[in-house]
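As a plain string of letters, each chain reads:
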Amino acid sequence: EDKISVVEFGANIDDIESQQNNKDNKCLNVLFLGVEWVRKGGDIAVECVKTLNKLGIKSALYVVGTDTPKEYLGYDFIHSIGFLNKNKESEYKQLREIISNSDVLLLPTKAECAGVAFSEASAYGLPIFTYDTGGIPNYVVNGKSGYRLALSADGNDFANKIKECIDRDEIPVLKKGCKNIYNEKLNWNVWTDKVKIIIDNCLK
């Protein structure tokens, strides 16, 4: 165990801008950012946002990174963006704009080692709602940058948790916590410093 070091990934996005202050808060923009619909919990995300709307919280789901299954394309609250290539300037710019205009990241993934999406969401101050599994606890701290729910949780549970945070006016606190965690450990400068220390210690 004393030979193991854990260093979290940084965000693969440059030119990180703070959340827009003039955003229209009449709708909760929920971001689903993942390349695999099933593993990342796409069905649960849809159920969550559907429930939020039923609970009186006007919400929209932005699906980025993967295609939305055909059975969901008729849902008016779903905005299916698909995969965006960061190596293409126009798509990279579109991705940054979507993240910047989102309010929370909803990624109910049931299998995860180290999700860069968590680092990117933290960089933009997006509270994260996900499962408590794999390496996620290294990226998402309950009550500070979001919440990790038990693997038994369904879309309704995620919706109720998000509503609870809204009702308690906790979202601004989580936004600030996300930025702090990003600055503390979820960026590549910190990654570089930590890895350098590990290498230096090995060489001694």
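My aim in this report is to walk through the structure given alongside it, one point at a time.

**Brief notes about the overall build of the chain**
At step 1: Helix and strand content of the chain: six helices and six strands.
At step 2: Along the chain direction, N to C, the helices and strands of the chain fall in the order β-α-β-β-α-β-α-β-β-α-α-α.
At step 3: The dimensions of the chain, computed from C-alpha atoms along their principal axes, are 60 × 40 × 35 Å.
At step 4: In the chain, which comprises 204 residues, the share counted as buried stands at 49%.
At step 5: Long-range pairs, those at least 24 residues apart, make up 64% of the contacts in the chain with a sequence separation of at least 6.
At step 6: As displayed, the chain offers around 10,600 Å² of accessible surface, 50% of which is attributable to carbon and sulfur atoms.
At step 7: Here the chain carries 26 positive and 29 negative side-chain charges, and the mean point of each set is 2 Å from the other.

**Here's the deal with the nonpolar core**
At step 1: Core analysis: the biggest nonpolar cluster contains 54 residues, and Leu61, Phe129 and Phe158 have the highest contact counts within it.
At step 2: If sequence neighbours within four positions are ignored, phenylalanine 129 has contacts with Val104, Leu105, Leu106, Leu107, Pro108, Tyr147, Phe158, Lys161, Ile162, Cys165 and Leu174.

**Considering the packing of helix H3 (residues 116-123) against helix H5 (residues 171-185)**
At step 1: At a minimum axis separation of 7 Å, H3 and H5 run at an interaxial angle of 115 degrees. The handedness of the crossing between H3 and H5 comes out as left-handed. Contacts between H3 and H5 involve Ser119, Ser122 and Ala123 on the former and, on the latter, Cys178, Lys179 and Tyr182.
At step 2: Here the residues of the contact of H3 with H5 are counted per class, giving three nonpolar, two polar and one charged.

**Quick word on helix H6 (residues 188-203)**
A turn of α-helix holds 3.6 residues, and therefore any two residues three or four places apart point the same way.
At step 1: With 16 residues, H6 ought to run about 22 Å at 1.5 Å a step, and its terminal C-alpha atoms sit 22 Å apart, in line with that.
At step 2: The N-terminus of H6 is capped by asparagine 187, whose side-chain oxygen sits 3.1 Å from the backbone nitrogen of asparagine 189.

**Remarks on the sheet that holds strand S2 (residues 59-64)**
At step 1: Taken in spatial order, the six strands of this open sheet run S3-S2-S1-S4-S5-S6, and their pairing is parallel. A strand with exactly one partner marks an edge of an open sheet, and here the two such strands are strand S3 (78-82) and strand S6 (146-149). Across the sheet, the axes of successive neighbouring strands diverge by a mean angle of 20 degrees, strand direction being ignored.
At step 2: In this structure, strand S1 (residues 28-33) lies alongside S2, joined through six bridges in parallel fashion. Directly across from valine 30, in S2, lies its bridge partner leucine 61.
At step 3: Contacts from helix H2 (residues 89-100) reach S1, S2 and S3, with the element oriented near 135 degrees to S1.

**Considerations on the pairing of strand S4 (residues 104-107)**
At step 1: What you see with S4 is no split at all: Val104 and Leu106 on one side and Leu105 and Leu107 on the other are buried throughout.
At step 2: Pairing between S1 and S4: two bridges, direction parallel. Paired with valine 30 across the bridge in S4 is valine 104.
At step 3: Relative to strand S5 (residues 128-131), S4 runs parallel, the two being bridged by three bridges. Looking at the pairing, leucine 106 lines up with phenylalanine 129 of S5.
At step 4: For the crossover from S4 across H3 to S5, the handedness is right-handed.

What counts, and at which threshold
Residues numbered from 1 in each chain as written. Predicted model: local features only at pLDDT ≥ 70, side-chain atom pairs only at ≥ 80, totals over all residues. Heavy atoms only, no water. Helix = DSSP H or I, 4+ residues; strand = E, 2+ residues; numbered from the N terminus. Buried < 20%, exposed > 50% of the residue type's maximum accessible area, 1.4 Å probe, protein only. Contact = heavy atoms within 4.5 Å. Areas by Shrake-Rupley, 256 points an atom, 1.4 Å probe, with all protein chains shown as cover. Lys, Arg positive; Asp, Glu negative; His and termini not counted. Charge placed at Lys NZ, Arg CZ, Asp CG, Glu CD. Core = buried A, V, L, I, M, F, W, Y, C linked by side-chain atoms within 4.5 Å. Axes fitted to C-alpha atoms, helices over the stretch in contact; angles between N-to-C directions. Left-handed = near helix turned anticlockwise from the far one by under 90°. Nonpolar A, V, L, I, M, F, W, Y, C, P; charged D, E, K, R; others polar. Expected span 1.5 Å × (residues − 1). Polar contact = N/O pair within 3.5 Å; in protein donor to acceptor, adjacent residues only side chain to side chain. Pairing = 2+ DSSP bridges. Right-handed = clockwise from strand over helix to strand, strands pointing away.

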